[in-house]
There are 4 protein chains.
Amino acid sequence: MIKIGIVGGTGYTGVELLRLLIMHPQAEITVITSRQEAGRAVADIFPNLRGHIDLNFSEPDTEVLASCDVVFFATPHGVAQASVPELLDRNVKVIDLSADFRIRSVPLWEQWYGQTHACPERIGDAVYGLPEVNREHIRKAQLIACPGCYPTSVLLGFLPLLERGLIDPGDLVANAASGVSGAGRQASIPNLLAESSDNFKAYGVGGHRHLPEIEQGLADIVGSAVSLTFVPHLLPIIRGIHSTLYANLINENAGVDVQAVFEERYQDEPFVDVLPPGEHPQTRSVRGSNMVRIAVARPQGRNKVVVMVAEDNLVKGASGQAVQNMNIVMGLPETLGLDAPALLP
Amino acid sequence: MIKIGIVGGTGYTGVELLRLLIMHPQAEITVITSRQEAGRAVADIFPNLRGHIDLNFSEPDTEVLASCDVVFFATPHGVAQASVPELLDRNVKVIDLSADFRIRSVPLWEQWYGQTHACPERIGDAVYGLPEVNREHIRKAQLIACPGCYPTSVLLGFLPLLERGLIDPGDLVANAASGVSGAGRQASIPNLLAESSDNFKAYGVGGHRHLPEIEQGLADIVGSAVSLTFVPHLLPIIRGIHSTLYANLINENAGVDVQAVFEERYQDEPFVDVLPPGEHPQTRSVRGSNMVRIAVARPQGRNKVVVMVAEDNLVKGASGQAVQNMNIVMGLPETLGLDAPALLP
Amino acid sequence: MIKIGIVGGTGYTGVELLRLLIMHPQAEITVITSRQEAGRAVADIFPNLRGHIDLNFSEPDTEVLASCDVVFFATPHGVAQASVPELLDRNVKVIDLSADFRIRSVPLWEQWYGQTHACPERIGDAVYGLPEVNREHIRKAQLIACPGCYPTSVLLGFLPLLERGLIDPGDLVANAASGVSGAGRQASIPNLLAESSDNFKAYGVGGHRHLPEIEQGLADIVGSAVSLTFVPHLLPIIRGIHSTLYANLINENAGVDVQAVFEERYQDEPFVDVLPPGEHPQTRSVRGSNMVRIAVARPQGRNKVVVMVAEDNLVKGASGQAVQNMNIVMGLPETLGLDAPALLP
Amino acid sequence: MIKIGIVGGTGYTGVELLRLLIMHPQAEITVITSRQEAGRAVADIFPNLRGHIDLNFSEPDTEVLASCDVVFFATPHGVAQASVPELLDRNVKVIDLSADFRIRSVPLWEQWYGQTHACPERIGDAVYGLPEVNREHIRKAQLIACPGCYPTSVLLGFLPLLERGLIDPGDLVANAASGVSGAGRQASIPNLLAESSDNFKAYGVGGHRHLPEIEQGLADIVGSAVSLTFVPHLLPIIRGIHSTLYANLINENAGVDVQAVFEERYQDEPFVDVLPPGEHPQTRSVRGSNMVRIAVARPQGRNKVVVMVAEDNLVKGASGQAVQNMNIVMGLPETLGLDAPALLP
């Protein structure tokens, strides 16, 4: 059994991590911390877990965390930075679900997150935890920076086209939409049911923190700078991200079979499902599951490629991908504990 | 034109009052106050009102309010108490949407609302603003205490049966369910879409503040004490209250035609619609409207009477009823500005 | 491995049965039939199952079904009747999710279901599959009639009180509310999102088919006739049933500790969770799970007992309970394959 | 008073037309037809209209319709074609909400709608009823083809940029999302609440019937052919369309102030509201209203322009725009009966 610690487990990625690890045959949750809820039973905050877990939240304690094999950080950005170095020094594997170690450029990170990075010397050690791109690096990593929810869907959607140089990397559009769990479990008026249900809107059109992360990931694939227009929207659903991606085929590639490109690229990936031509992925088809479903089309046979990607933002977009990374880094089968079908209807 | 002031207009009853008064041909909104949002444009907070109203929220100012014909209080309980006496002294009609003047017993009010009443001497002057019961008193009132959202539906549902002494007042059950707008426009985790959508639960089974108000209203009808079991539930909808009421016919009334009782009682009421036998009222059929729709049944022909009542908690349950009261007290046609059909679908 | 056949798998209980059996370590789905969709891949209709199941729907074939250890009927009422006798004769265990064998009185069944029963001679062999009441009979059954979704919640809610004779069985009220998946996967205008979302209503107040089933189950507990008023409502959610039950304590029992009564009755039940005093069960806390959560209260300390019950109508209310019955009748651990936590948020 | 006939009033555009005309001070609804529901009270199908309208649906009768001043067709495509010529001959103004007369090219219409056009000789007489573009032609029209719901939002969003030649018309993207009322009041499995709530997906990526209509409208503005990629999505909301539009500024226009372009273009339009920089339109801000709200941005100051447009698909996208056209063609104030604020929350 793998001894697991979770730092900051009172948000939605926290409860989802608990749900997945409870079903994982090799996971033993040793400790879960929360300064704010210390002493309170986990099941008291998350009523779905009554009868499934007996832990109480506790104050963070480095000794306890250091005795774990793996520590997950399910904290807001800025928290993991402070604690990660000591855990790494004590040979704990750290899987960070926050944004702290995702962006390699310290100035860029500081510009978008509006604070000084507390641990810039460790950023270089972090592996960006997108297994479909970085599986071999993840295997040997000690610090894994899990991708953001939007970046996971956008990167997996553009990946097959960019790797082969089929599209113009200077004119990419990602029109994405997320369920409200993406905003976290925080009291706020705009995310009240009375405000956000029966409603739809874009937000952050001027600039969303996932933009530099996505552009970095795209540039890594291409090997040079890219230009992405990224417009996120708020969906009146609990879970799910759907990204609709637009790119222009480079002229000499007009004859390419984009369906085949996607099927070949992802044929061995356990968590990427390429749909048959003409189908459209639905967020409910991945609700509660670590699967990403993708479809690709060329409407009217023109040179504009449209890619549609559906994921559960709390699973493949956060906690499920974190467990997938844990499986890889601990040498377990990659799908262990992650193979339950989505909940539908 | 009637000069109108609104105190505390940043909540849902506030915006609904604005929407209704903007459409009202005799209303002129002079001032709307909010300490917290003073200086901010109303349309900035309520994007549906852009282009319909030019006012900014302002600090409460007694001189300005005293120059109005009617002042509405759309404030949390405890606020109106402090300001009402001066306005009454200066001959302003006050229509209070809060709970401050609904309950005649000061100790009972203080027990349920957990604070000392600041203005007990005016409670006796207040008229409980349920026109179907108190129309003539409202006409002459200077201070009107608008009923709560749940009480409106429960009182109108039991009224015809209790007035005629048909049911046992010692064993009444009100199983009610409200949309989340009833909880107000306040940041809170339980009312986030991610928490309250795709969900249903009872709440406050141990005791809800509307219980003493309803029991007072029922006792007024009967002329003696009643016993009500009141269980509210939270619906994953924005607007709407549905109350399902249960009572036992007194034995000698087993032959009564309950459908006729309801139709006769409400035949002249402009805002109470008794449905044909076998139909069920739906909250969407009153969405945005001041109408209450009621159906009555005796399942299996037994002595248990079931009454179903649907209202829009923000209209007939709050701001619409307040405008109805304004129409009555100002000598206008009772339905003025309140006759738009509900929005469906 | 247990060889399993499913008759009629294109509805919501069908897909839920598939989801649960896919995760069940001892289940091998051999055949799934549908006259209408014969030849079509299961995953084509249920996109959550892509990659999890390779079967196609097939025409019903008695030989194939007879080679299974267990056959589930997830069909509309009237279908199982015709096929069950031959399967029973060939020693297949039959678990029927439909209403065909739930009611012991043939005339009562025929009155409520509006057709002649095709197999009255087998009704007496059927065991009503509510394990909390009938576990020992289920163990030895060959034909199990799984309870309806509403009956499961109402029976489990009244059971502890009725068994001890604490309440008046002549005046029971069940105010229940169900998500729309309870209406099945059938094209219909009233269940469109545009009709049923942002809405709430009662339905079937004149008489719902689950009434005679519930009254039979309650009478079995009491040992004599009962009188239940049952009013179902339609919730704008996908899954979940919440029943709010009302009963009068018999006078000499006024001193009883109802909380203790429930805790004692259900202390050894793996799928019934009695909440601490003052809590309210939520449907989301059992979404996708076989757990039932129950709370009991006596508002204002009066003699009216209020019981609140939350279940997932497709799991404990249908397919989960069917698998629980399969585990019992096949001698497996009762919770096998049914222990995943609910999906929240 | 204007005598009005409505053909085919049992769908969502029908009930919305009724709701708007009931509130319209100059409208008198004379007849409403439906073959299927002939004889049934309108309020029987649309419970929000109980007490607001006394009409029954009737069989279509040309004599009765010919006695009206205006006849609205709220029918599926293919129906108006057959009846329009006779009404035009008898000097009735016809406002067609269907697609029958929107597309000027008969072959193009027949290709996308899969049938032979029954009345090609009248297509040339029809005026495309988008007042912001065609107001003067509408004033003199006898046959008005109301724009589709998606086309209204996409055309109004690109209009200011295309009119001034600021963007490349050869690379336009419209990523649009609609509430389910856009699919009409028809029994269908995919639009059940259990299928479409808590879900999001694209649909019709291979080609949607609104594509040729939008491309025709865009080409009319530009004066030459355009190329649009149009991807519609299905939102789990009742009403509302949100279009997010992407276009590339032509290089020499990099310095343009797009905010000013939009504000100038729409400053005199009563039903187009340009939001301040940095804001995002929300569908709920136009729920039940004829207003369109638009915002424009240039993320990161790059040459990609993003336009966001919110409308109520049943109002400005259908019945409200139809009434706006009626006001124009009948010489009434354009906003008459259309100035109620949106319903929020």
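Details of the structure are given in the entry above.
The structure displayed is predicted, hence computed values, not measured ones.

Participant: Whenever I open this one, the interface of chain A and chain D confuses me. Can you help?
Facilitator: As a measure of interface size, the accessible area lost when the parts come together is often cited. Taken residue by residue, the interface counts 49 residues in chain A and 49 residues in chain D. Contact between chain A and chain D buries roughly 3900 Å² in total, counting both sides, with carbon and sulfur atoms accounting for 51%. Viewed at the interface, chain D and chain A are joined by 8 salt bridges. A salt bridge links D:Arg302 to A:Glu215; the shortest N-O distance between them is 3.0 Å. In this assembly, chain A and chain D are joined by 34 residue pairs in polar contact (both at pLDDT 80 or more). Per element, the largest residue contribution to the side of chain A that touches chain D is 5 residues, and it comes from strand E9 (residues 228-235) of chain A. Looking at the side of chain A that touches chain D residue by residue, the class counts come to 23 nonpolar, 16 polar and 10 charged.

Participant: Even after reading the chapter, I still don't get helix H1 (residues 12-22) of chain A, so can you show me in this structure?
Facilitator: Quick reminder: α-helices carry 3.6 residues per turn. Residues three or four places apart thus point the same way. Burial within H1(A) is extensive, with 9 of its 11 residues counted as buried. Regarding H1(A), the residues found buried are A:Tyr12, A:Gly14, A:Val15, A:Glu16, A:Leu17, A:Leu18, A:Arg19, A:Leu20 and A:Leu21. On its buried face, H1(A) is in contact with strand E1 (2-7), strand E2 (27-33), helix H2 (42-45), strand E3 (70-73) and helix H12 (315-329) of chain A together with helix H9 (193-196) of chain B.

Participant: Got a minute to help me understand the interface of chain D and chain B in this structure?
Facilitator: Taken together, the 34 residues of chain D in the interface contact 34 residues of chain B. It is D:Arg50, D:Leu343 and D:Pro345 that lose the most area in chain D upon contact with chain B, and together they represent 25% of the buried surface on that side. For the interface between chain D and chain B, the tally reads 2 salt bridges. Linking B:Arg50 and D:Asp273 is a salt bridge whose minimum nitrogen-to-oxygen distance equals 2.7 Å. The interface formed by chain D and chain B holds 12 residue pairs in polar contact (both at pLDDT 80 or more) in total. Mapped onto the side of chain D that touches chain B, the elements with two or more residues apiece are helix H1 (12-22) and strand E11 (272-274) of chain D. With 5 residues, H1(D) is the largest single contributor of residues to the side of chain D that touches chain B. Taken together, the residues that form the side of chain D that touches chain B break down as 18 nonpolar, 6 polar and 10 charged.

Participant: Sorry, what's going on with the relation of the copies chain D and chain B here?
Facilitator: For the pair of chain copies, the relating transformation is a rotation about an axis with a translation along it. With an axial shift of 0.0 Å and an RMSD of 0.0 Å, the rotation relating chain D to chain B amounts to 180°. This pairing of chains is accounted for by a two-fold axis. In this assembly, 100% of the residues forming the interface of chain D have copies in chain B that are likewise at the interface, indicating an isologous arrangement.

About the cut-offs
Per chain, the residues get numbers from 1 upward, laid out in the order the sequence is written. The naming scheme follows written order: chains are lettered A onward, ligands numbered 1 onward. Side-chain atom pairs in this predicted model are given and counted only at pLDDT of 80 or more, local residue features only at pLDDT of at least 70, and totals for whole chains, interfaces and linings cover all residues. Side-chain calculation: all heavy atoms of the structure are included, whereas hydrogens and water are not. In this description, contact between two residues means that some pair of their heavy atoms is separated by no more than 4.5 Å. Summed over both partners, the accessible surface that disappears when two parts come together, traced with a 1.4 Å probe, is what is meant by buried area. Salt bridges are defined as contacts in which a side-chain nitrogen from Lys or Arg sits within 4 Å of a carboxyl oxygen from Asp or Glu. Polar contact is defined as a pair of N or O atoms within 3.5 Å, subject to the rule that within protein one atom must be able to donate a hydrogen and the other to accept it, and that residues adjacent in sequence are counted only when both atoms are side-chain atoms. The numbering of helices and of strands both runs from the N terminus, where a helix is a DSSP run of H or I of at least 4 residues and a strand a run of E of at least 2. Each residue receives one of three labels: charged for Asp, Glu, Lys and Arg, nonpolar for Ala, Val, Leu, Ile, Met, Phe, Trp, Tyr, Cys and Pro, and polar for the others, Gly being one of them. Throughout, exposure labels follow a simple rule: accessible area from a 1.4 Å probe, protein chains only, divided by the maximum for the residue type, with under 20% read as buried, over 50% as exposed, and the rest as partly exposed. Copies overlap after least-squares fitting; the atoms used are the C-alpha atoms of residues with pLDDT of at least 70 in both.

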